[in-house]
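Each chain, letter by letter, is given below.
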Amino acid sequence: MSLRITRLFRILGSAIAILLVAVLLAVVAVLTWPLDGGDLHPAGQRLTFADARARIDGKIAADAADPGILPECRSLSLIHEVRPAARSVLLLYGFTACPAQFAELARTFHDQGYNVYVPLAPRHGYADRTALGGLRAQDLATYASDALDVAGALGAEAGVVGLSGGGMLTTRLVTERPDDVRRLLVISPFYRPGPDRAAPILIRPLAVLYGLRVLPDRVDEKNMSFTALAQYVRLTETLDVGRTGGNLASIAVVTSVNDSLIGLGRAVSIPRAVAQARGLSLATHEFPAEAGLPHDLVEPDDIGAAKDDAYRLYLRLYEGRSAS
């Protein structure tokens with residue numbers, strides 16, 4: 001009887017050891033699995049002004065032809081002339097939103113002489129929010145690069161402004177195409193979720209498991225797709241913030257103390273690393289708690305009476321002028 005028990009314990013011990021090794025190997029694989037790939041680094045194109053206008057018209061027409069896209073979410077452009085302006089700006093909005101989020105800020109830039117382009121992102125703008133589940137990091141990278149091709153042809157000097165997930169994409173444009181971006185402003189940039197939303201130790205596993213679709217998608221109570229969100233995190237994890245050179249002349253970041261959706265530390269440290277690699281100073285502005293401003297610092301309904309002052313601030317920061 002004792003011999004049988006001994007054998008049983010040996011077998012059980014071996015099974016536990018094998019299980020522990022398997023778990024350890026799985027953890028190592030998740031923590032070291034590469035998130036990058038050649039399809040995340042699309043090459044830019046040089047377009048003429050006429051080419052850019054044709055692409056804008058085609059994009060707007062394609063949005064209008066898709067019955068699932070909400071009319072207010074179609075791509076937006078505000079263009080002054082039949083030739084490139086002195087300045088153009090690309091505006092990239094936040095995750096789950098659409099160009100309507102930037103409509104009024106786009107007019108602010110346009111009123112100052114800018115040609116403005118606000119393109120609809122892949123899988124965004126649909127009445128059916130489940131469309132976001134099909135989003136891929138490759139699609140986002142290509143979308144941002146193609147949009148910069150267009151904006152670059154609309155003005156002699158081109159820059160980018162991004163909110164939330166769009167802030168991450170515009171940061172990526174600076175690191176991927178440093179010669180093509182003159183100015184960068186990121187507003188509430190989403191590089192990582194806030195710590196009360198996802199523990200930092202879980203970020204990379206989530207980027208691997210959901211970003212690479214190892215796990216099936218989950219949708220939370222706010223109809224937020226884990227798989228779609230992980231595509232933005234995957235692109236953040238492959239940012240080359242230390243890349244030097246390029247034509248960037250100014251970089252600025254705006255955050256709000258009340259914003260719990262994003263990691264506020266990363267929201268500043270990543271733009272600062274990009275600035276330092278290029279010998280630039282990072283301009284920062286943080287709205288205090290008493291301002292009562294949320295994560296979305298652009299949507300007029302969210303920032304209310306602070307809108308006019310905030311928009312003037314954004315324009316000054318974007319242009320490399322004093323925030324005061």
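Residues numbered from 1 in each chain as written. Predicted model: local features only at pLDDT ≥ 70, side-chain atom pairs only at ≥ 80, totals over all residues. Heavy atoms only, no water.

A look at helix α5 (residues 165-176)
- Helix length check: α5 (12 residues) gives 16 Å between terminal C-alpha atoms against 16 Å at 1.5 Å per residue, within 8%.
- Here α5 lies mainly inside the structure; 11 of its 12 residues are buried.
- Within the sequence span of α5, burial applies to Gly-165, Gly-166, Gly-167, Met-168, Leu-169, Thr-170, Thr-171, Arg-172, Leu-173, Val-174 and Thr-175.
- The inward-facing, buried residues of α5 contact β2 (85-92), α4 (137-154), β4 (155-163), β5 (183-187), α7 (226-237) and α8 (264-277). (Helix = DSSP H or I, 4+ residues; strand = E, 2+ residues; numbered from the N terminus. Expected span 1.5 Å × (residues − 1). Buried < 20%, exposed > 50% of the residue type's maximum accessible area, 1.4 Å probe, protein only. Contact = heavy atoms within 4.5 Å.)

Points about the layout of surface pockets
- One number sums up the size of the largest pocket: a volume of about 770 Å³.
- What lines the largest pocket is a set of 29 residues, and nearest its centre among them are Phe-190, Arg-197, Met-224, Leu-229 and Leu-261.
- Of all the secondary-structure elements, those providing two or more residues to the lining of the largest pocket are α6 (203-209) and α7.
- With 4 residues, α7 is the largest single contributor of residues to the lining of the largest pocket.
- The residue inventory of the lining of the largest pocket, partitioned by class, reads 18 nonpolar, 5 polar and 6 charged. (1 Å grid on protein atoms, 1.4 Å probe; cavity = no way out; pocket = protein on both sides within 12 Å on 5 of 7 lines; lining within 4 Å. Points joined across faces, edges and corners; volume = space filled by probe spheres on them. Nonpolar A, V, L, I, M, F, W, Y, C, P; charged D, E, K, R; others polar.)

Focus on the state of the cysteines
- Overall, the coordinates contain 1 disulfide when judged by the stated rule.
- Covalent S-S linkage joins Cys-73 and Cys-98, the inter-sulfur distance amounting to 2.2 Å. Since a negative S-S torsion denotes a left-handed disulfide, the Cys-73-Cys-98 link at about -65° is left-handed. Taken together, the residues span a long stretch of sequence, with Cys-73 in the loop between α2 (49-65) and β1 (76-78) and Cys-98 in the loop between β2 and α3 (103-111) at a distance of 25 residues.
- Exposure remark for Cys-73: the relative accessible area of 6% places this residue in the buried category.
- Classification of Cys-98 as buried rests on a relative accessible area of 9%. (Disulfide = S-S within 2.5 Å.)

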